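Observations on chain architecture
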Amino acid sequence: MKRIFSTCILAIGAYHAQAQAVITAKLDKAPNDSLVTLLEPYTGEFDTTRIKNHGFTFKKPLPKGGSVYILQIGSQGEKGATLVYLDNGKMNITGKGPYFDKATYTGDSWVKDWQEVMVLTDPEKGDVKRQNDLNEMMIKANKVGDEDALEKYRAEYNEISIRLQKVYREWLDKHLNSGPAAYMTTVYFAKEMEEILPKLGEKATATRTLQRYLHPGKIDPVGVSVKIGEPGEVQGPLGKVKIGDLAPAFSIPDANGKMVSLADFKGRYVFLDFWASWCGPCKPQIPFLKAANDKFKDKNFSMIAISLDSKKDAWVNAVGKHEINWTSVCSMKGWADEAAAAYGASYIPFNVLIGPDGKVLAQNLYGEQVEKKLAEIIK
C-alpha cells in the first residue's frame, strides 16, 4: 500500500514538474511601488513583487499543482486583497481602480471557472447574502427570546442551504475536470467525497488542493514556520491531535486581557476554531459557526475562536464586523501561538471538537458538517 501511494505521489509530482502560473495585472490607479504579495494561505508560502507603471507580474511555479491563493496589494486588508485560484497557464487582470474591485479576469479555462465559483459563493449577493442576513436576524431574535421569529429565520436559512447545495452541485457536475472543482469539493461536499471523487477528472484530482485534503501531511509537511503578515515562528515541532486523544491544555487572553483556559470549560462540549482576520477561507465558515452556536450554546456546548492575528485592532475589528458572539481569544503571536502548535494547526480555518471528558471527538468540520456533527452527539 505504501509503495502504491508513493508511486501516486511521484506521478503527481512529475505531472506538475513544469507547471507555472503567470499572472499579469494592469490596474489603472494601482499605487506604484506598493508591495504585492501572493500568499498560499494553508502553508504560508508567499512571493512578493512591486507595482511598476500601475501593474505587476508573477511567475509562480506550481510543482504541487493548482491551489487557492490570496493576492494582496499593500496593507489595506480586505480592500486590497482578492482570492484567486492558480493553475498551469495564464491569468490576466485588468481594472480601472487602485485595487481588485470590479477588475476583469481573463486567461486559461481555469480562470473563467474560478470566476464562476466566486460569483456563486459571493457573500455580498443573492442567496449567500440572504443567508448572512438571516444569521444576523437569528442572532437578534435569539437575544430577545423571540422563538417564533428564530424558527422562521432558521427554516428559511435551511431552505437556502438546500438550494445553494443544488446550485453548487450542478456547477460541479459540469466542471468535473476543472481545478476549481477540487476547491468546491473539499469546501462544500466533503461529506460526499467518496461519491464525487471517482467522477473527478485528472486536472481536478491532481490539484494541490485535493491531494492535500486526501493526504494530510504528505503533500505539504506540517513544518511551516513564518506566515506573511504575521511575525514569529511556530514554537517547536507541531503536534498532531487525533480523535480519542486528550485535548492539549491552553490559556490565552481575551480582548480585555482575561486569561481563558480550556480547563474553564471542563465537562462541556467545546468547539475550537482557529482563524484570523486576514484569512480569506475562514470567512465563509462564520455563518455556519453562528448557526451551530445559536442552536447548541444552551446544551452544554461552548465555542472558542482562537485567532492567529498579531495586531489587536485587526482582530477586534474582525470580531465586531462578523459579530462573533462566542468566546474569542488571541495571544497576538500570529503563527507562533502555542495552542496552534499544540493542536497541529498548520493551516486555517482549522477546528477541533472536544467532548466533556476532554478528549478529541472530531476535526476539520466545515459548512453544515459542524451543525450535523453536533446534532449527532448532543441530544
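Residues numbered from 1 in each chain as written. Predicted model: local features only at pLDDT ≥ 70, side-chain atom pairs only at ≥ 80, totals over all residues. Heavy atoms only, no water.

Per an unreviewed UniProt entry, the recorded name for the protein is AhpC/TSA family protein, and the organism is Chitinophaga qingshengii. Under the heading Subcellular location (unreviewed entry), UniProt records this for the protein: "Cell envelope". (UniProt positions renumbered as here; feature names shortened; annotations may be inferred.)

1. Considering the sheet that holds strand 6 (residues 81-86)
The four strands are arranged 3-2-5-6 in an open sheet whose pairing can be described as antiparallel. Only two strands of the sheet have a single partner each, and these edge strands are strand 3 (45-50) and strand 6. Between one strand and the next, the sheet's axes are offset by a mean angle of 25°, whatever the strand orientation. Sheet analysis places strand 5 (residues 67-73) next to strand 6, joined by six bridges and oriented antiparallel. Opposite Val68, over in strand 6, you have Tyr85 as the bridge partner. Together, strand 5 and strand 6 form the strand contacts of helix 2 (residues 109-120), whose direction differs from that of strand 6 by roughly 130°. (Pairing = 2+ DSSP bridges. Helix = DSSP H or I, 4+ residues; strand = E, 2+ residues; numbered from the N terminus. Axes fitted to C-alpha atoms, helices over the stretch in contact; angles between N-to-C directions. Contact = heavy atoms within 4.5 Å.)

2. Let's talk about the packing of aromatic side chains
Scanning the entire structure with this criterion turns up nine aromatic pairs. Where Trp114 meets Tyr183, the ring centres are 5.0 Å apart and the plane angle is 75°; that geometry is what we call edge-to-face. Note that Trp114 is positioned in helix 2 and Tyr183 in helix 5 (residues 179-188), a separation of 69 residues in sequence. By relative accessible area, which is 0% here, Trp114 ends up buried. (Phe/Tyr/Trp six-rings, centres within 6.5 Å; stacked < 30°, edge-to-face > 60°. Buried < 20%, exposed > 50% of the residue type's maximum accessible area, 1.4 Å probe, protein only.)

3. A word on helix 5
When you tally the buried positions in helix 5, you get ten out of ten residues, the bulk of the element. Buried residues of helix 5: Gly179, Pro180, Ala181, Ala182, Tyr183, Met184, Thr185, Thr186, Val187 and Tyr188, and no others.

4. What to know about the sheet that holds strand 4 (residues 55-61)
Strands sit in the order 4-1-7-8 across an open sheet of four strands; the sheet is mixed. Where the open sheet ends on each side, the last strands, each with one partner, are strand 4 and strand 8 (104-107). Along the sheet, successive strands turn relative to each other by an average axial angle of 15°, direction set aside. As paired strands, strand 1 (residues 20-27) and strand 4 are joined by seven bridges and run antiparallel to one another. For Lys26, the partnering residue across the bridge sits in strand 4 and is Gly55.

5. Structural notes on the packing of helix 3 (residues 126-144) against helix 9 (residues 286-296)
Where helix 3 meets helix 9, the closest approach of the two axes is 10 Å, and the angle between their N-to-C directions is 25°. By the criterion of interaxial angle, the relationship of helix 3 to helix 9 is roughly parallel. Helix 9 is crossed by helix 3, and the crossing has left-handed handedness. Residue-level inspection shows Asn132, Asn135, Met138 and Ile139 of helix 3 in contact with helix 9, the latter providing Pro287, Lys290, Ala291 and Asp294. (Parallel < 35°, antiparallel > 145°, perpendicular 65-115°, else oblique. Left-handed = near helix turned anticlockwise from the far one by under 90°.)

6. Points about the pattern of salt bridges
For the structure on display, the rule yields 15 salt bridges. Salt-bridge contacts for Arg212 lead to Glu40; the nearest nitrogen and oxygen are separated by 3.0 Å. In this pair, Arg212 is assigned in helix 8 (residues 208-214) and Glu40 in strand 2 (residues 35-40), connecting sequence segments 172 residues apart. Of the two residues, Arg212 and Glu40, both sit in the buried class. Measuring nitrogen to oxygen at the nearest pair gives 2.6 Å for the salt bridge that ties Lys199 to Glu195. With relative accessibility at 35%, the residue Glu195 sits in the partly exposed group. What you see here is one network of salt bridges that share partners, running through Arg169, Asp173, Glu195 and Lys199. (Salt bridge = Lys/Arg side-chain N within 4 Å of Asp/Glu carboxyl O.)

7. Section: the side chain of Thr121
Locating Thr121 in the fold gives a position in the loop between helix 2 and helix 3. At 2.8 Å, the side chain of Thr121 and the backbone oxygen of Val117 are in polar contact. Not counting the four nearest positions on each side in its chain, Thr121 is found in contact with Val128, Tyr168 and Tyr188. (Polar contact = N/O pair within 3.5 Å; in protein donor to acceptor, adjacent residues only side chain to side chain.)

8. A word on helix 10 (residues 312-321)
Within helix 10, burial applies to Trp315, Ala318 and Val319. Projected onto a plane normal to the axis of helix 10, the buried residues spread over an arc of 100° and lie on a single side. For helix 10, exposure combined with an orientation more than 90 degrees from the buried face picks out Asp313, Asn317 and Lys321. Of the residues trailing helix 10, Glu323 is marked for its positive phi of about 50°. (Arc of directions from axis to C-beta.)

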